[in-house]
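Results of the structural survey
The lines below spell out each chain.
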Amino acid sequence: MGRTDDCSLNRRGLLAKAGAVAAGGVAAGLAGPLAAAPTATAAAAGPQATAFGPVAVRPGDRRYASLLLGDNFRFVGRPEEIRVAGSTDQVLRAVSDAVRSGRRIAARSGGHCFENFTADPAVRLLLDLSPMDAVGYDAERGAFAVQPGATLGHVYRTLFKGWGVTIPAGGCPEVGAGGHFAGGGYGPLSRRYGSVVDHLYGVEVVVVDRDGTARVVVATREPDDPNRDLWWAHTGGGGGNFGVVTRYWLRSPGTTGTDPSRLLPPAPRNVLECVVVWNWDRRMTERAFTRLLRNFGDWHEHNSAPGSRYTGLYAILMPMHRVSGSMQMTVQIDADIPNANDLVTEFLSAVTAGTGLSPTLNTRQTAPWLHPTTWPGTGEAGDVATRRYKLKAGYLRRSFTDRQLGAIYQHLTDSSKNSTRGMLLIGYGGRVGAVPSTATAVAQRDVVMKAVYQTIWSDQADDAANLAWIRDFYRDVYADTGGVPVPNEVSDGSYINYPDVDLADPAWNTSGVPWHTLYYKDNYPRLQRIKARWDPRNVFHHALAIEPAK
């Protein structure tokens, strides 16, 4: 699976609606109870009933150019064939064809990869999974089934309309479930309910054996499942490593019974959202700026334990470059949480304490949960003129140091004229920290924030300047640890759904700590062993792929 981001930002450089609500687009698919998913044997034995595909699109076909592009226009591959699949059986045949013909294959669900994992020129068969977008309840497995091409918005809408439940996944409308789930997705409800993989019950995956035979495997979290390690690898191991996921099953741990409405977290009825904006004017001094960021970090450091009364509160601070004119913070909370409005007030007071800043905008509104969650007008389909970007990221265990805050201020007040340059500080922690670091492939379980560094532009001629800016910015923030967020008392590596090939480049990572430690920490050796078992021919790989154990 191609990795997909959690889309905490839109491509215009700001969180649409400040990103505090999980947004979703409309996708066709099964929006009611899903028939029991086929077993591995049935799926491998013959074609499934389907109304779509397969479709083979090659250069010269009028559809080729449109299907070629992912979300980041920096990367454009040139595959011999784009295979559009509508069923597990079609995926199985596509993988078999690729192995038999010696063509490198990559799978794409939503296309929101920050790097060129699916647009690598070496990929000769691009597998488009977007038609596989069914969402429903699988009574045979007692879990909700989600196909990889389903957008997050479609998932949220279907789960809510059918059963009043939801999952703590990401916040952009067109992100596909495929890579997002496999990479350990998170979103506005994660502080309250954990990572989405904390609710992952099973996966259906097309894998390739050592003799080149492609087959379908179902793996679950059941302790006696002989394929359990394959399930574990998809709880944060990232897409494009082990095979092609054709179905996910979701059910919260500890749930029992046959009532689907009790097998996943209940969706909020109403969402209280607060948006605060500060202008970049004479009051936004270095002292005020760094105090604001430090306060935001300190609050999360002290209020992100699994049992905190603030786990339902999710906030994102967006310090954009001074040329943008302003910076923004968005706060979201389930409006039915007791004293929700007071919790927001307490949070705002703590973040602004001692800054001397007065917001130019400070609004609060309450809306029914489904509307803002699935509203497609968040800019994700967006402005095609601003679809070139480079993102970097890092986990935080506590607030940045004073030196790091000074570096952030310096780069966000330089002579740049690009208003989309900046960063995001995203609240994390809460229930995420209730899960041991080895229980899933997501190793960073005691972090309280995610930091995202971004630059977005439109003209290919500006590639070099924008890449240089963000690389220098990131390197300076982490100058004390070789230019990257080496795990220590402040940082804890980075997030694989925000892939950054610079972490594997010794020109930019001078720490001596390998890229895979930054992403997976001590879970990497286990992922290597699983890779060796399930993809012994290394059919599925990319620039930051897990290497099989020797």
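For the structure given in this document, a descriptive report is provided here. If you're wondering where the values come from, they're calculated on a predicted model, not measured in any experiment.

1. Here we look at the pairing of strand β2 (residues 81-84)
Along β2, one buried face is formed by Glu81 and Arg83 and the opposite face, lined by Ile82 and Val84, is buried too. In terms of strand pairing, β2 meets strand β4 (residues 125-128) through four bridges, oriented parallel. Directly across from Arg83, in β4, lies its bridge partner Leu127.

2. A closer look at the pattern of salt bridges
This model, assessed by the stated rule, comprises 35 salt bridges. In this structure, Arg309 engages Glu346 in a salt bridge whose closest nitrogen and oxygen atoms are separated by 3.0 Å. With Arg309 in the loop between α8 (286-302) and β11 (313-318) and Glu346 in helix α9 (residues 340-352), this residue pair connects regions lying 37 residues apart in the sequence. Residue Asp502 is joined to Lys392 by a salt bridge in which the shortest nitrogen-to-oxygen separation is 2.7 Å. Taken together, the residues Asp502 in the loop between α12 (463-477) and α13 (515-520) and Lys392 in strand β14 (residues 388-396) connect sequence positions 110 residues apart.

3. Overview of the side chain of Lys390
Structurally, the position occupied by Lys390 is in strand β14. Reaching out from Lys390, the side chain makes a polar contact with the side chain of Glu115 at a distance of 2.6 Å. With near-sequence residues (within four places) excluded, Lys390 lies in contact with Arg74, Glu115, Tyr453, Gln454, Thr455, Trp457, Leu467, Ile470, Asp500, Val501 and Asp502.

4. Focus on empty space enclosed by the protein
One pass over the structure, following the stated rule, counts nine cavities of 30 Å³ or more. Taken as a whole, the largest cavity holds about 110 Å³ of empty space. The wall of the largest cavity is formed by 14 residues, among which Gly70, Phe75, Gly111, Thr118 and Ala119 lie closest to the centre. For the lining of the largest cavity, the per-class residue count stands at six nonpolar, five polar and three charged.

What counts, and at which threshold
Residues numbered from 1 in each chain as written. Predicted model: local features only at pLDDT ≥ 70, side-chain atom pairs only at ≥ 80, totals over all residues. Heavy atoms only, no water. Buried < 20%, exposed > 50% of the residue type's maximum accessible area, 1.4 Å probe, protein only. Helix = DSSP H or I, 4+ residues; strand = E, 2+ residues; numbered from the N terminus. Pairing = 2+ DSSP bridges. Salt bridge = Lys/Arg side-chain N within 4 Å of Asp/Glu carboxyl O. Polar contact = N/O pair within 3.5 Å; in protein donor to acceptor, adjacent residues only side chain to side chain. Contact = heavy atoms within 4.5 Å. 1 Å grid on protein atoms, 1.4 Å probe; cavity = no way out; pocket = protein on both sides within 12 Å on 5 of 7 lines; lining within 4 Å. Points joined across faces, edges and corners; volume = space filled by probe spheres on them. Nonpolar A, V, L, I, M, F, W, Y, C, P; charged D, E, K, R; others polar.

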